[in-house]
There are 2 protein chains.
Amino acid sequence: MLDLGIFALLGGVVSLVVAIILSYLVVREKVDDEKMLEIYNAIREGASAYLKTQYKTISYIALVITVLLYGVFDYYPHNGVPYISIGFILGAVASLAAGWISMDVATRANVRAAYSAKHSLKKTLDIGFYGGMVMGLFNVGLSLLGITLLYYLFNKDPELIVGFGFGASLAALFAQLGGGIYTKAADIGADLVGKVEAGIPEDDPRNPAVIADNVGDNVGDVAGRGADLFESMSAENIGAMIIGIALTAVTGKEVFIIFPLLARAVGILAAVLGILFVRGDVEKNPFIPLRNGMVATTIFALIGFYILIIETIGSIYLYYAAISGVVTSVLILLITDYYTGYHYRPVKEVAEASQTGPATNILSGFAAALESTVLPVVVISVVLIASYYLGMAFADEFGLNLHIGGVYGTAVATMGMLSVAGFVLGLDGFGPIADNAGGIAEMSGQPEEVRKAIDKFDAVGNTTKALTKGYAMGSAGLAALLLFQAYLDIVHISFLDLLQIKNLIGLFIGALLPFFFSSLAIRAVSKAAKAMVEEVRRQFKENPGILEWKVKPDYARCVSISTLAAQKGMVLPGLIPLLGPLVVGFIFGADGVGALNIGATFSGFILAMMMNTGGAIWDNAKKYIELGFFGGKGSEAHKAAVVGDTVGDPLKDTAGPSLHILIKLINTFSLVFGPLFLVYYLL
Amino acid sequence: MLDLGIFALLGGVVSLVVAIILSYLVVREKVDDEKMLEIYNAIREGASAYLKTQYKTISYIALVITVLLYGVFDYYPHNGVPYISIGFILGAVASLAAGWISMDVATRANVRAAYSAKHSLKKTLDIGFYGGMVMGLFNVGLSLLGITLLYYLFNKDPELIVGFGFGASLAALFAQLGGGIYTKAADIGADLVGKVEAGIPEDDPRNPAVIADNVGDNVGDVAGRGADLFESMSAENIGAMIIGIALTAVTGKEVFIIFPLLARAVGILAAVLGILFVRGDVEKNPFIPLRNGMVATTIFALIGFYILIIETIGSIYLYYAAISGVVTSVLILLITDYYTGYHYRPVKEVAEASQTGPATNILSGFAAALESTVLPVVVISVVLIASYYLGMAFADEFGLNLHIGGVYGTAVATMGMLSVAGFVLGLDGFGPIADNAGGIAEMSGQPEEVRKAIDKFDAVGNTTKALTKGYAMGSAGLAALLLFQAYLDIVHISFLDLLQIKNLIGLFIGALLPFFFSSLAIRAVSKAAKAMVEEVRRQFKENPGILEWKVKPDYARCVSISTLAAQKGMVLPGLIPLLGPLVVGFIFGADGVGALNIGATFSGFILAMMMNTGGAIWDNAKKYIELGFFGGKGSEAHKAAVVGDTVGDPLKDTAGPSLHILIKLINTFSLVFGPLFLVYYLL
């Protein structure tokens, strides 16, 4: 069966090669503008400095955990072969590397996208999109290669690879959380004093926090999101492979285990082919080429899945399950578009409510955010049931256990949903690149028409960012449920009785964790933003020359405030997904942890949907007003909408996306420590 | 065993008699102030008019459901005896009657408390407290009498009484929801234009929405909360009695079924005795006498429970379980006090964050609100486990099934927690009475010192309101879990496997319902407030004489806007707790509904805690600033805090308290319709 595994390796290699080609296409563009390069260097330095600090912190934490893992799991049971700890280190390193490279390419793409806007919009789109796709393909490829290699190195036992998932997950949580705190502290601090108090525009070089703000976009949206999706890929692959063990054991066919790897390879091919279809009239609407690419990728993924499933497993039912996953991703994108788009009720209503002040803006946005959780939950519920029944039909066809078949059906649906992940990640990366290009154009004092041109891309970037966040959350929910099923396999739980008090309490505590986590994350941003506001105010006060363009503000000071705040703020919430299952596990045992996983997954899913969509609604309500509605820019309604936007920022860029990782990390952590809770527990 | 039942009846009668005596003590006070009486009459008329409209709407809905219940449950199975539908009607009528009487006494107490403040603070406290206690005792007494009588009339079969609980629950949801929308629409509308735009003080008679605002306090906080707690009592009693059936069946002792009724009677006696201890220096701090009364009630309840349990069941373990419930209520009060009090970190931090504007105020408050869910969940978890194990010890002692004993232990803990409910309800009623007394004093132009005196009570009222909301939510959570256990008994589910896809999805949908419900409730307030703002603005614009004291504003118009908005806004969210379980039940059967109940209970509990506490934190952060911190009244920080307060209002007074009822209603509804889902379901 190694022949099939080769396709997985090939897929990974293709992904990396195309990523390298795309990086070359970005980097070869020359930038011939002193001012732009100066700003670019400042952003790059800030971002690198931050990542270095952050990676150091993460390394310390990872080191402690490695020792722990080695002592607990590897020293004795595997005859001295440290599968779990090696996997853990590799997972963490790979995740951080993916984040680093993504950010490196993104910062290079920022300035080139800004510069090219002077000459050709088509080129700006290409650079932004290629930069994003590097992030997408690099993450997918590295995850696929890592897991495939470990699978063959670790005796073809997927249960030994869980360390890789844990490492990726842990590194991702800190990367996203730290990056999220950093970017929002800088953003809010810059806006509150700069825009609101001093009355200078966004991205004005007189604002001391402006470099920190632009650095933040890179460390939060790029490095953070990159790690997030690297982790999603890995979690989904490992979870699905473990679920496949049961089918392989019965049928003797290894394909059930490595099918997830092949599915990922198909997704990579689809994304690479999709790149060729990013065509259309950029001048008219830069979103059209991106949408065309997305549609093409989806079609290629559907074709690829058909060939893959029919050729390897041979069950049309599983293909239907895969389709249900693809349909889910389309539906989630449509729902997110409805809730966050200008043309529909939610954003308009919030914009309208801004006329009566910030309080009604917040209330109306909060109501819309709560409401936006409904349809995604229904869609995920329907796809779970549909794919479960399709899986049962497959099992029935092959004479297998119906429940195992059903679970495999949900796993295939998840693979279907994640098959377009490479391309979606590319779109996601496009957002911060366009955003930063706008910032660089503004700060380097480009003429009006260049800034207007980039603004168009920025608007498209906001759309793609919101859409991909919905998608990331939907797939995180499915991936977490996969991990949960894998957990059950590892600890040999075949039913989980909710009427037992320990499970009931486990569920309750699990449902609580995302709330606790979010509170700490938002509080960290809130405190850091306050420190930033005070620093910016201090600089303006002590150096009145700054506002008169006479003195350069002290950018570095703001960068270091954000850096420090992010380091301090990310540790406490980062412990929740570790300590939560650990405490519950040692008190209530493996069953209680199973219930905790479900509670955390569901409540985290709903809460993250609420925060991500809510934040995007507030953001776009503000932008809608800026288009000239309800008084336009500078009106009272606009001021109210700015408040809503600021409130939404840490929800959609810090807490919300970190929750994606949180629920997967809780599940992955349980996957690793589960066997322990089978033996040691109190009640 | 009828002899024991007599104690329950006696308890109910004592409760009503003392309530009548207390009403007399309130009503006999003469009010000799034209202006006050005029305002009083306006409020009374508005409140009565509103309740009449609302009760009409509820009657129509109840009528449809009665017919449905009769057709589905009563026509055939009980040989033509319509137990369920009769119970349903009685429950709904009793709940509405309790709400009406509470409100009637409260409005009378309002004006008398305001008037007496001219002469004697002691008298103001007495009137406010007596008015509140009428509400407390009337609700507890009516619920106890109703259930006790039905028990004896309905062949001593608690399962036939579920209709009563359903009726009470449904009426309560609409009362709380409608009242909550009414009061906050009026409050926000009055504040946004009056305080913020026109710059006139709160409760200024020139504000057209001022009467609607004061009416709102009565229909929302009094009639609504009265119905809420009437429903809690009833739900807890019925649930615990059904759980007792299993023990009675094994032991042959009826006491296990009627024990909840006796426990309630003990609670009533404790509350009545507690009234006598409401003493202390009112001038110094009006909170002290109330606290003394609360402590005395708690001690009496502990003594009473000891005698009751030892004399009837004879197990010290169950007494310990009851103590764990009482301790829980104390802990929840302390936690709520920490999160909402001036002297602690959360409120201070939010007040401090107001200095950098409304956005940081909202963020910091939201973080605190999320955080405030942690300790209550931990406390409830601990009490559930402790009481479950104590119940098992009791079962072990008597040679009974351990699980049944454990569940009974949790039921006894719930009874322990609710034993002080009568007194707590009284405290809860004190809040809106003090608030309204302040409003009447303001509007009737009382001298400074009278208003200052009442302000003291108002502050105490805010404290008691926040505390009792925490208590109400804690007990609602426990009561909902009791109902869930009763549901399992009725549909004969002995285990609920979370790994079955239908249960997993049921849980997910259940967790979603509180979010969906809250979104509709907040949106209703938001829309109604907007209509109110426009009306007040219109009146100020078309009649400039209003602000110059020359023309009287059109109060009635604002009252009718709130009334209409509440009627329209309450129907849609009110359908969620009915349609949610119905749809899931017909698709996934009784198991799926069981999982839905748990999902809704847990997510509703956490969400309600977040909203209730969050709202109180914002409210008190504003008050803290008004004490002179961070610039005091009129500063930028204060303006930011006013925004936070407005955002918190519908969370803490509309959505939050309605969620208490929502989770009980979902469970009660399942209790009634459960048997149906055993027979008719799709998957």
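Not measured: the values here are computed from a predicted model. (Residues numbered from 1 in each chain as written. Chains lettered and ligands numbered in written order. Predicted model: local features only at pLDDT ≥ 70, side-chain atom pairs only at ≥ 80, totals over all residues.)

A. Quick look at the overall build of chain A. Per the secondary structure count, chain A includes 18 helices and zero strands. Reported as C-alpha extents along the three principal axes, the dimensions of chain A are approximately 75 × 55 × 45 Å. In chain A, which comprises 683 residues, the share counted as buried stands at 69%. In chain A, the proportion of contacts linking residues at least 24 apart, taken out of those at least 6 apart, comes to 84%. (Helix = DSSP H or I, 4+ residues; strand = E, 2+ residues; numbered from the N terminus. Buried ≥ 20, exposed ≤ 12 C-beta atoms within 10 Å, placed from the backbone. Contact = placed C-beta atoms within 7 Å.)

B. Quick look at helix α11 (residues 358-371) of chain A. Helix length check: α11(A), at 14 residues, gives a terminal C-alpha distance of 20 Å against a target of 20 Å (1.5 Å per residue), a fit within 8%. With 14 of its 14 residues buried, α11(A) lies for the most part within the structure. (Expected span 1.5 Å × (residues − 1).)

C. How the structure looks around the interface of chain B and chain A. Listed by partner, the interface residues are 56 residues for chain B and 56 residues for chain A. Within the residue set of the side of chain B that touches chain A, elements represented by two or more residues are α5 (162-198), α11 (358-371), α12 (374-398), α16 (501-542), α17 (555-626) and α18 (636-679) of chain B. It is α16(B) that contributes the most residues to the side of chain B that touches chain A, 17 residues altogether. Residues that form the side of chain B that touches chain A fall into these classes: 40 nonpolar, twelve polar and four charged. (Nonpolar A, V, L, I, M, F, W, Y, C, P; charged D, E, K, R; others polar.)

D. Quick peek at helix α17 (residues 555-626) of chain A. Residues and elements named next belong to chain A. Taking 1.5 Å per residue as the helical rise, α17 with its 72 residues ought to reach 106 Å, whereas the 29 Å between its terminal C-alpha atoms falls clearly short. Remark: the principal bend of α17, roughly 135°, maps to phenylalanine 588. Burial of α17 is extensive: 55 of the 72 residues sit out of reach of the surface. Backbone geometry just after α17 places glycine 628 at a positive phi near 120°. (Bend = angle between axes of the 7 residues up to and from the residue.)

E. Geometry of the relation of the copies chain B and chain A. Each copy of the sequence occupies a distinct position, and chain B is placed on chain A by a rotation of 180° and an axial shift of 0.0 Å, giving an RMSD of 0.0 Å. What we have between these two chains is a two-fold relation. For chain B, the residue whose C-alpha comes nearest the rotation axis is B:Asp497, separated from it by 2.3 Å. Looking at chain B, 100% of its interface residues are interface residues in chain A too, so the copies touch through the same face. (Least-squares fit on C-alpha atoms with pLDDT ≥ 70 in both.)

F. Inspection of the nonpolar core at higher detail. By size, the foremost hydrophobic cluster in this structure holds 548 residues, and its most contacted members are A:Ala322 and B:Ala322. Apart from residues no more than four positions distant in its own chain, A:Ala322 is found in contact with A:Phe305, A:Ile309, A:Val412, A:Ala413, A:Met415 and A:Gly416. (Core = buried A, V, L, I, M, F, W, Y, C linked by C-beta atoms within 7 Å.)

G. Region of the structure containing the packing of helix α9 (residues 316-340) of chain B against α17(B). All names here are of chain B. The interhelical angle for the contact between α9 and α17, taken along N-to-C directions, is 40°, at an axis separation of 9 Å. In terms of their interaxial angle, α9 and α17 are classed as oblique. Counting all contacts with α9, which are made through Thr336, Tyr339 and Thr340, the residues of α17 involved are Thr613, Ala616, Ile617 and Asn620. (Axes fitted to C-alpha atoms, helices over the stretch in contact; angles between N-to-C directions. Parallel < 35°, antiparallel > 145°, perpendicular 65-115°, else oblique.)

H. Quick look at unusual backbone geometry. Despite not being glycine, A:Asp203 has its phi angle at roughly 60°, a positive value. Its location among the elements puts A:Asp203 in the loop between α5 (162-198) and α6 (210-251). The exposure class of A:Asp203 is buried, given the 23 C-beta atoms found within 10 Å. Look at B:Trp549: it is not a glycine, yet its phi comes out positive at around 65°. If you trace the backbone, B:Trp549 turns up in the loop between α16 and α17. For B:Trp549, a count of 9 C-beta atoms within 10 Å gives the class exposed.

I. Structural view of the packing of helix α3 (residues 83-116) of chain B against α5(B). Residues and elements named next belong to chain B. Running from N to C, α3 and α5 point in directions that differ by 40°, and their axes come no closer than 6 Å. It follows that α3 is oblique to α5 by the angle criterion. Along this stretch, α3 crosses α5, giving a crossing that reads as right-handed. (Left-handed = near helix turned anticlockwise from the far one by under 90°.)

J. Structural detail: the confidence of the model for chain A. Per-chain confidence: chain A averages 91 in pLDDT, with 99% of residues scoring 70 or above. As a predicted assembly, this complex carries a pTM of 0.95 together with an ipTM value of 0.95. (pLDDT = per-residue confidence, 0-100.)

K. Main features of the environment of B:Phe7. All names here are of chain B. Here phenylalanine 7 shows up in helix α1 (residues 2-27). In this structure the C-alpha to C-alpha distance between phenylalanine 7 and glutamate 45, which are 38 residues apart in sequence, comes to 39 Å. In this view, phenylalanine 7 contacts Leu262 and Ala265; residues no more than four positions away in its chain are not counted.

L. A look at the environment of B:Ile20. Note that B:Ile20 resides in helix α1. Along the backbone, B:Ile20 and B:Ser658 are 638 residues apart, and their C-alpha atoms lie at a distance of 28 Å.

M. Region of interest: the environment of A:Asp337. Summarising the element assignment, A:Asp337 is placed in helix α9 (residues 316-340). Along the backbone, A:Asp337 and A:Phe259 are 78 residues apart, and their C-alpha atoms lie at a distance of 32 Å.

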